[in-house]
Amino acid sequence: MHLCVRICVVLAAGVVLRAQAAPFVPESDRQVLERLPFAVSDPVIRELRALQGRLKDEPNNLPLALRLARGYLELGRVTGDPRYAGYAQAALTPWWDLKQPPEEILVLRATLRQRVHQFDAALADLAAVLGANPRNAQARLTRATVLQVQGAYGAAREECLTLKNLTQELVWAACLMSVNGASGKLGESYEQLRAALNRQHYVQPGVRSWVLTSLAEMAARAGMAEEADSHFREALALDAADNYLFGAYADFLLDFGRPQEAAALLQDKTRADPLLLRYALALKAQHSKELPAQVEQLRDRFEASRLRGDRVHLREEARFTLHLLADPKVALKLAQENWQVQKEPADVRVLLESALAAHDAATVEAARGWLRETGLEDFQLERLLTKPMQPN
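Residues numbered from 1 in each chain as written. Predicted model: local features only at pLDDT ≥ 70, side-chain atom pairs only at ≥ 80, totals over all residues. Heavy atoms only, no water.

Trainee: So what's going on with the state of the cysteines? Which residues, and what values?
Mentor: Under the defined criterion, the tally for this structure stands at one disulfide. Each sulfur in the disulfide pair C160 and C175 lies 2.0 Å from the other. Its S-S torsion of about -65° marks the bond between C160 and C175 as left-handed, since a negative value means left-handed. Note that C160 is positioned in helix α9 (residues 153-162) and C175 in helix α10 (residues 169-181), a separation of 15 residues in sequence. (Disulfide = S-S within 2.5 Å. Helix = DSSP H or I, 4+ residues; strand = E, 2+ residues; numbered from the N terminus.)

Trainee: Please set out the packing of helix α16 (residues 273-285) against helix α17 (residues 291-307) residue by residue, giving values where relevant.
Mentor: Packed helix pairs are characterised by how far apart their axes lie and by the angle those axes make with each other. Packing of α16 against α17 leaves a shortest axis separation of 10 Å and a crossing angle of 155°. On the basis of the axis angle, α16 is roughly antiparallel to α17. In the packing of α16 onto α17, the handedness of the crossing is left-handed. Each of D273, L276, L277, Y279, A280, L283 and K284 in α16 lies in contact with α17, whose residues at this interface are L291, Q294, Q297, L298, R301 and S305. (Axes fitted to C-alpha atoms, helices over the stretch in contact; angles between N-to-C directions. Parallel < 35°, antiparallel > 145°, perpendicular 65-115°, else oblique. Left-handed = near helix turned anticlockwise from the far one by under 90°. Contact = heavy atoms within 4.5 Å.)

Trainee: Before we move on, could you go through helix α6 (residues 103-115) and cite the residues and values that matter?
Mentor: The end-to-end C-alpha separation of α6 is 19 Å, in line with the 18 Å expected for 13 residues at 1.5 Å each. Along α6, the positions that sit buried rather than exposed are I105, L106, V107, L108, R109, A110, T111, L112, R113, Q114 and R115. The positive-phi residue at the C-terminal boundary of α6 is H117, with phi of around 70°. (Expected span 1.5 Å × (residues − 1). Buried < 20%, exposed > 50% of the residue type's maximum accessible area, 1.4 Å probe, protein only.)

Trainee: Give me the environment of W210: which residues, what numbers.
Mentor: Here W210 lies in helix α12 (residues 205-221). The exposure class of W210 is buried, given its relative accessible area of 1%. Spatially, the C-alpha atoms of W210 and V171 are 9.3 Å apart, while their sequence positions differ by 39 residues.

Trainee: Summarise the environment of L324; cite the residues concerned and give the values.
Mentor: Locating L324 in the fold gives a position in the loop between α18 (314-323) and α19 (328-339). Look at L324 and you get buried, because its relative accessible area is 15%. Sequence separation between L324 and L277 is 47 residues, and the spatial gap between their C-alpha atoms is 9.1 Å. When near neighbours in sequence (up to four residues on either side) are disregarded, L324 contacts L277, A280, L281, K284, L291, V295, L298 and R319.

Trainee: Can you lay out the side chain of D251 for me, pointing to particular residues and giving the numbers?
Mentor: You can see D251 is positioned in helix α14 (residues 243-255). Within the local environment of D251, its side chain forms a polar contact with the side chain of R278, the two groups lying 3.0 Å apart. At 2.8 Å, the side chain of D251 forms a polar contact with the side chain of R319. Contacts of D251, omitting those with residues within four sequence positions, involve R278 and R319. (Polar contact = N/O pair within 3.5 Å; in protein donor to acceptor, adjacent residues only side chain to side chain.)

Trainee: How would you sum up α10? Please name residues and give values.
Mentor: For α10, spanning 13 residues, the distance from its first C-alpha to its last is 17 Å, which sits close to the expected 18 Å at 1.5 Å a residue. Of all 13 residues in α10, twelve are buried, a share of seventy percent or more. Every buried residue of α10 is accounted for by L170, V171, W172, A173, A174, C175, L176, M177, S178, V179, N180 and G181.

Trainee: Hey, could you go over the confidence of the model for the chain for me, with residue numbers and the actual values?
Mentor: Looking at the chain, pLDDT values average 88 and 89% of them are 70 or higher. Overall, residues 12-37 carries pLDDT values under 50, and its contacts beyond four positions in sequence, including any with other chains, amount to 66 contacts. (pLDDT = per-residue confidence, 0-100.)

Trainee: Got a sec to walk through the pattern of salt bridges? Specific residues and values, please.
Mentor: A full pass over the atoms with the stated rule returns 26 salt bridges. Put simply, R301 and D273 hold a salt bridge, and the shortest N to O gap is 2.9 Å. Placement of R301 in helix α17 and of D273 in helix α16 is noted, with a sequence separation of 28 residues between them. Just as R301 is buried, D273 falls in that class too. Taking the shortest distance from any N to any O, the salt bridge between R315 and E344 comes out at 3.0 Å. Here R315 is found in helix α18, whereas its partner E344 is found in the loop between α19 and α20 (345-357), with 29 residues between them in sequence. What makes R315 buried here is its relative accessible area of 7%. Taken together, the salt bridges that share partners define one network made up of D229, R233, R258 and E261. (Salt bridge = Lys/Arg side-chain N within 4 Å of Asp/Glu carboxyl O.)

Trainee: Explain the nonpolar core to me, using residue names and the numbers behind them.
Mentor: Judged by nonpolar contacts, the single largest core of 98 residues is most densely connected at L170, L193, V211, L265, L298, L324 and V348. Discounting residues that sit within four places of it in the chain, V348 has contacts with W339, A367, W370, L371, L376 and L381. Residues L48, L66, L68 and A91 belong to the second largest nonpolar core, which totals 22 residues. (Core = buried A, V, L, I, M, F, W, Y, C linked by side-chain atoms within 4.5 Å.)

Right, dumping it as structure tokens:
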């Protein structure tokens, strides 16, 4: 799960998005690619299928299509299942390939495209929206987060500043402090965002959870364990269905030597691949006999993703390959491929860890240079960079 996903929840339906690549054709009808997490009798599935039935009879009903698409996107956020994004795209089929689709379609299409790492196409859609309606706050926020994930902090900052006149203080402040906090002003940004949150008399639960998660991640990068833990717990009390939040908190628990708590947090949430990975890492830290079975399950899932043409979870696969398969050279290739696409703190971390383990001094130095250039502060990264590279 990435910053794009988390931040775009605020002004739109919650999303965990992944558009479909070219379809994979199974070798036989018996080949199992992956099991769906919901039974057909589930109330949410029943409701969405009812909407889908209506849309089949009225395929050009835009409000109905948007309602169905957003429902599938929310279901994807809750479950972490990538196929629901494909169902969302299918609902928008009559408008998907239009040169000038309606504004709502453009924003949803951009969100889907950014999730599958088609960032240039997503930015083009958002530019079209903002060209026609410069006051579309959702498009501004989505554009800011895409640019931040790409490491384009200056451009992202401009979008956040533009939001000042378009949305509530806490939203634009969280956008701006997230960018500033990743580009040389971590401590200052944390304090400013916390003060902005404390000034509010009422905050929508979704917005509060997002801001608390941002504060928790800033505090964790600063090594402020007590503050980070408090923010994470408060956010979880508001939103117990956010896979991004569970993953971020689990990472924090693992980093601060609390694998038992990480395992307990995730033991019933392993349908989402990123959460299964963290659960397995927690088991490894405890020398659990359950670990081999989880490693095999992860291996199967990453293979299934490759068969589907899905390469969105390269970061997680690199982390899996490095820490659970102990293959730093392959992990480094995956981390480098991922780095060409996205540059969040977790991306530079797995790149550095893999490069150090693979004894790749050039990549270590390139990452070091990027950190100097951007000003990104993270005590875990600083600790990594102080380690001498061991000879082969």
